[in-house]
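Here is how the chains run, residue by residue.
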Amino acid sequence: MEQTVEEKLKALYELQTIHTKIDRIRQVRGELPMEVADLEDDVAGLETRIQKIKAELDDLEDDIVTRKNLIKDSQANIKKYETQLNEVKNNREYDAISKEIEIQGLDIQVSEKKIREFGFEIATKTQVYEKALADLEARKSDLDAKKEELGTITSETQKEESELTAQAETATKGIDGRLLIAYNRLRKNAKNGLAVVTIQRDSCSGCFNQIPPQRQSDIRQRKKIIVCEHCGRILVDEQMAMEAETA
Ligand SMILES: [Zn+2]
């Protein structure tokens, strides 16, 4: 038996409702794996950064040790020269040794300055290091939470999704072939997957453009299939949403 336009519209709206539920499930789940992957990248990036800073800190500590050893060497040299000063034979020798002591003294000053600089660098880098460690901990706990969420959602929604898919298949059978092709094409082309939309606040709830009063009243008559002049979606009246909910 030939369906009335009203029956066709109801069947289309029902199919749309089921498809929208499936879309929502996929959307929620769809973003999670990406978020998990992003967090995994963040964690790996931070770990690399932390290793790099740690290596730089180790190098600075090594530089300080090297400078401290240089100072010890210079101090030993100074001691040696001072002993030699007591045994000099002439002024020329005295001047030469004094000059050596002076040079060693200057070397010590340079090393002490370097040690202070390295110390300052260590203090600054340590702050950066600690900040990166804290960031890493935060990202890791976000990652754990997201992974858990993904696992839960996947197991929870799989059953619901397969039930809805079965419902959609049944609903599809009640729709005339040409109308179904139009519906599928509209759904495919619409960003939000909506092919059948209701009037909401005098507008198309697919594109939010105003629907003229005469057109709205035609839609409410349910005698013709009417599409939005702006987006081409099939329009149904607000009442149909309520009827579908109570059905
Ligand atoms: Zn529209």
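Residues numbered from 1 in each chain as written. Predicted model: local features only at pLDDT ≥ 70, side-chain atom pairs only at ≥ 80, totals over all residues. Heavy atoms only, no water.

Some thoughts on the overall build of the chain
- A tally of regular secondary structure across the chain gives 5 helices and 3 strands.
- Counted from the first residue to the last, the chain has its helices and strands arranged as α-α-α-β-β-α-β-α.
- Projected onto the principal axes, the alpha-carbon positions of the chain cover approximately 130 × 40 × 25 Å.
- Residue burial in the chain is summarised as follows: out of 247 residues, 32% are buried.
- Within the chain, residue pairs in contact and separated by at least 24 positions form 71% of the contacts whose partners lie at least 6 positions apart. (Helix = DSSP H or I, 4+ residues; strand = E, 2+ residues; numbered from the N terminus. Buried < 20%, exposed > 50% of the residue type's maximum accessible area, 1.4 Å probe, protein only. Contact = heavy atoms within 4.5 Å.)

With respect to the domain arrangement of the chain
- What the domain assignment lists for the chain is domain 1 (26-173) and domain 2 (177-246).
- Summarising the inter-unit geometry, the C-alpha centres of domain 1 and domain 2 are found 59 Å apart. (Domains from an automatic or database assignment.)

Considering the coordination of the zinc ion
- Taken together, the protein donors to the zinc ion comprise C204 (SG), C207 (SG), C228 (SG) and C231 (SG), at separations of 2.2 to 2.3 Å.
- Around the zinc ion sit 4 donor atoms, and with donor-metal-donor angles ranging over 106 to 115 degrees the site reads as tetrahedral.
- Read from N- to C-terminus, the donor residues coordinating the zinc ion fall into the pattern C-x2-C-x20-C-x2-C. (Donors = N, O, S within 2.8 Å, 3.2 Å for Na, K, Ca; no water. Tetrahedral: all angles 85-135°; square planar, octahedral: opposite > 155°, others 65-115°.)

Describing the packing of helix α1 (residues 5-85) against helix α2 (residues 91-173)
- Interaxial distance between α1 and α2 falls to 4 Å at its minimum, and their mutual angle equals 165 degrees. As far as their axial angle goes, α2 and α1 are roughly antiparallel. Read as a crossing pair, α1 and α2 show a hand that is left-handed.
- Its residues placed into classes, the contact of α1 with α2 shows 40 nonpolar, 16 polar and 31 charged. (Axes fitted to C-alpha atoms, helices over the stretch in contact; angles between N-to-C directions. Parallel < 35°, antiparallel > 145°, perpendicular 65-115°, else oblique. Left-handed = near helix turned anticlockwise from the far one by under 90°. Nonpolar A, V, L, I, M, F, W, Y, C, P; charged D, E, K, R; others polar.)

Describing the packing of aromatic side chains
- Using the criterion set out here, one finds 0 aromatic pairs in the structure.
- Looking at K80, its charged tip hangs above the ring of Y81, at a distance of 5.2 Å from the centre. (Phe/Tyr/Trp six-rings, centres within 6.5 Å; stacked < 30°, edge-to-face > 60°. Lys NZ or Arg CZ within 6 Å of the ring centre and 35° of its normal.)

Brief notes about the packing of α1 against helix α3 (residues 177-189)
- Interaxial distance between α1 and α3 falls to 12 Å at its minimum, and their mutual angle equals 35 degrees. Here α1 and α3 pass one another in a crossing that is right-handed. Taken together, the residues of α3 that come into contact with α1 (itself represented by K8, L12, L15, Q16, H19 and D23) are L179, L180, Y183 and R187.
- Grouping the amino acids of the contact of α1 with α3 by side-chain chemistry returns 5 nonpolar, 2 polar and 3 charged.

Overview of the sheet that holds strand β2 (residues 203-204)
- What the 3 strands build is an open sheet, ordered β2-β1-β3; its pairing is mixed. Looking at strand neighbours, the two that pair on one side only are β2 and β3 (234-236), the edges of this open sheet.
- Examined bridge by bridge, strand β1 (residues 196-200) and β2 share 2 bridges and lie antiparallel to one another. Note that in β2 the partner of Q200 across the bridge is S203.
- The strands touched by α1 within the sheet are β1 and β3, with β3 carrying the most contacts at an inclination of about 105 degrees. (Pairing = 2+ DSSP bridges.)

Some thoughts on the pattern of salt bridges
- Applying the stated criterion to the full structure yields 22 salt bridges.
- Residue D237 pairs with R222 through a salt bridge whose shortest N-O separation is 2.8 Å. With D237 in the loop between β3 and α5 (238-246) and R222 in the loop between α4 (213-221) and β3, the pair connects residues that are 15 residues apart, well separated along the chain. Grouping residues by exposure puts D237 and R222 together as buried.
- A salt bridge links E243 to R222; its shortest N-O distance comes to 3.0 Å. With a gap of 21 residues between them, E243 in helix α5 and R222 in the loop between α4 and β3 connect regions that are remote in the sequence.
- Residue E243 is classed as partly exposed on the basis of its relative accessible area of 26%.
- Take R222: its relative accessible area is 8%, and that puts it in the buried class.
- Here the salt bridges share partners, and the residues they tie into one network are E6, K10, R222, D237 and E243. (Salt bridge = Lys/Arg side-chain N within 4 Å of Asp/Glu carboxyl O.)

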